[in-house]
Amino acid sequence: TICNEYKKRTGIEIINLPPLIPFTNTNDSKNNLRKKYNLNESDKIFLYVGSLKNLKRPEVILESFRELGKDYLKKHKVLVIFLGDGPLKNELMSYCRKESLERFFIFKGNIPREKINEYYKLSDYYIIPSDYEGTPISMLEAMNNQLPIIASNVRGINNIINGHNGILFDNNDTKSLSLAINKLMTDLDYSELLSQEATRYFNDNFSYQNFVDNYKKLI
């Protein structure tokens, strides 16, 4: 987005080399990782990775799952894991207690970098509800781990997630996220297609090796 705006104003073509890092995938299986962290093999796990602050809009996730209802969450064995810390953590946990949703949400706080890949591997879906992102590294890592993406339709995200490689939703409308969640939960073929397209898009556009090769060409 920034490159396009710069080109429009100056007429200069910009080559974007995003600040990528080489993601490390775990070789452990999903089931073994769930046993390691005392999680049920049959749960449908949604993952959020990021700071718990206003810009990231984590409260939208809680409100959307509450809207789906406890009976729905029980039936589909839903569990949402938050990785990260921030000023909204206590407020979010208090909301869960107030709405009797504690069993469906886990707040893990900050996780060592070398352990985060295990949480991507044991999860089924990834949600990013931010108001704005630059280069959302956590979302790219989710794509690298073949997770279907549910993402807010905002700048910095919608130039990567296009509706074919993930679901975009309006983060000012909790119903929009609820519908996206239900779509993935009830249409497994669609979920698998998004997973495949997300991984393909990542490999084509955000591969660390491709980044290194392109950088070498420039220098």
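Residues numbered from 1 in each chain as written. Predicted model: local features only at pLDDT ≥ 70, side-chain atom pairs only at ≥ 80, totals over all residues. Heavy atoms only, no water.

Novice: How would you summarise the overall build of the protein if you had to cite specific residues and measurements?
Specialist: Broken down by element type, the protein carries 10 helices and 6 strands. The C-alpha atoms of the protein give a radius of gyration of 18 Å, which matches the 17 Å a tight globule of 219 residues would have. Taken along the three principal axes of its C-alpha coordinates, the protein extends 55 × 40 × 35 Å. Per-residue burial for the protein yields a buried fraction of 46% across its 219 residues. Summarising the internal contacts of the protein: among those between residues at least 6 apart in sequence, 71% fall at separations of at least 24. In the form shown here, the protein has an accessible surface area of approximately 11600 Å², with 46% of it arising from carbon and sulfur atoms. One way to put it: in the protein the 30 positive side-chain charges average out to a point 2 Å from where the 27 negative ones average out. (Helix = DSSP H or I, 4+ residues; strand = E, 2+ residues; numbered from the N terminus. Rg over C-alpha atoms; globule rule 2.2 N^0.38 Å. Buried < 20%, exposed > 50% of the residue type's maximum accessible area, 1.4 Å probe, protein only. Contact = heavy atoms within 4.5 Å. Areas by Shrake-Rupley, 256 points an atom, 1.4 Å probe, with all protein chains shown as cover. Lys, Arg positive; Asp, Glu negative; His and termini not counted. Charge placed at Lys NZ, Arg CZ, Asp CG, Glu CD.)

Novice: For the pattern of salt bridges, give the residues involved together with the corresponding values.
Specialist: Under the counting rule described, the total for this entry stands at 14 salt bridges. Glu41 is the salt-bridge partner of Lys35, the closest N and O atoms lying 3.8 Å from each other. The closest approach of N and O atoms between Asp187 and Lys183, which form a salt bridge, is 3.2 Å. Classification of Asp187 as partly exposed rests on a relative accessible area of 25%. (Salt bridge = Lys/Arg side-chain N within 4 Å of Asp/Glu carboxyl O.)

Novice: Tell me what's going on with the packing of aromatic side chains, and back it up with residues and numbers.
Specialist: Counted under the stated rule, the structure contains 10 aromatic pairs. Summarising the aromatic geometry, the rings of Tyr37 and Tyr119 are spaced 4.7 Å apart at their centres and angled 35° between planes, so their arrangement reads as tilted. Of the two residues, Tyr37 is situated in the loop between helix H2 (30-36) and strand E1 (44-49) and Tyr119 in helix H6 (residues 113-122); the sequence distance between them amounts to 82 residues. In this structure Tyr119 comes out as buried when scored by relative accessible area, which is 3%. (Phe/Tyr/Trp six-rings, centres within 6.5 Å; stacked < 30°, edge-to-face > 60°.)

Novice: Pulling in residues and values, what's your account of helix H5 (residues 89-98)?
Specialist: Of the residues making up H5, those classed as buried are Lys89, Leu92 and Cys96. The arc that holds every buried residue of H5, seen down its axis, measures 70°, which confines them to one face. Summarising the geometry of H5, the exposed residues directed more than 90 degrees from the buried face are Asn90, Glu91 and Lys98. In the stretch just after H5, Ser100 is the one whose phi turns positive, near 55°. (Arc of directions from axis to C-beta.)

Novice: Quick rundown of a nonpolar patch on the surface? Include the residues and the values.
Specialist: A cluster of nonpolar residues, Ile15, Tyr215, Leu218 and Ile219, forms a patch on the protein surface that exposes about 480 Å² of accessible area. Note that Ile219 resides in the segment after helix H10 (208-218). For Ile219, a relative accessible area of 74% corresponds to the exposed category. (Patch = residues over 30% accessible without salt bridge, like charges linked within 9 Å, V, L, I, M, F, W, Y side chains within 5 Å.)

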